[in-house]
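# Coordinate analysis (summary)
What follows is the residue order along each chain.
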Amino acid sequence: MERKVFQLGDVVQMKKSHPCGSNEMEIIRMGMDIRIKCVGCQHSVLIPRAKFEKNMKKVLRSNAIDEAQQETL
Ligand SMILES: [Zn+2]
């Protein structure tokens, strides 16, 4: 089974979109639970890590690879 890799500051795409219409979330806190912030409306929610991993589709932008992908600015 594929293990999802993500870290603080990553912008991820969720399977279900937020009521505001955006499905991009930024990880703003990591721990037992993960706090994510909606890129569309800035609303933040705290969800259990297992649920987050289940609902996350993929990492769109990661701090780890940011330096190689700065041209998107
Ligand atoms: Zn939203």
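Whatever comes next refers back to the structure up there.
Model, not experiment: these values are computed from the prediction. (Residues numbered from 1 in each chain as written. Predicted model: local features only at pLDDT ≥ 70, side-chain atom pairs only at ≥ 80, totals over all residues.)

Within the largest apolar cluster, seven residues are counted, these being Val12, Met25, Ile27, Ile34, Ile36, Cys38 and Phe52. The set of elements that each furnish at least two residues to this core consists of strand 2 (24-29) and strand 3 (33-38). In terms of residue count, strand 3 provides more of this core than any other element does, three residues in total. (Core = buried A, V, L, I, M, F, W, Y, C linked by C-beta atoms within 7 Å. Buried ≥ 20, exposed ≤ 12 C-beta atoms within 10 Å, placed from the backbone. Helix = DSSP H or I, 4+ residues; strand = E, 2+ residues; numbered from the N terminus.)

Once that is clear, we can look at the pairing of strand 3. Note on strand geometry: in a regular strand, side chains alternate between the two faces of the sheet. Only one face of strand 3 is buried: it carries Ile34, Ile36 and Cys38, and the other face, with Asp33, Arg35 and Lys37, is open. Pairing geometry for strand 2 and strand 3, over four bridges, is antiparallel. Each residue of the ladder has a partner; that of Arg29, found in strand 3, is Arg35. From the end of strand 3 to the start of strand 4 (residues 44-48), which pair antiparallel, there are five residues, and Gln42 there has a positive phi angle of about 70°. (Pairing = 2+ DSSP bridges.)

Structural measurements only, silent on function.
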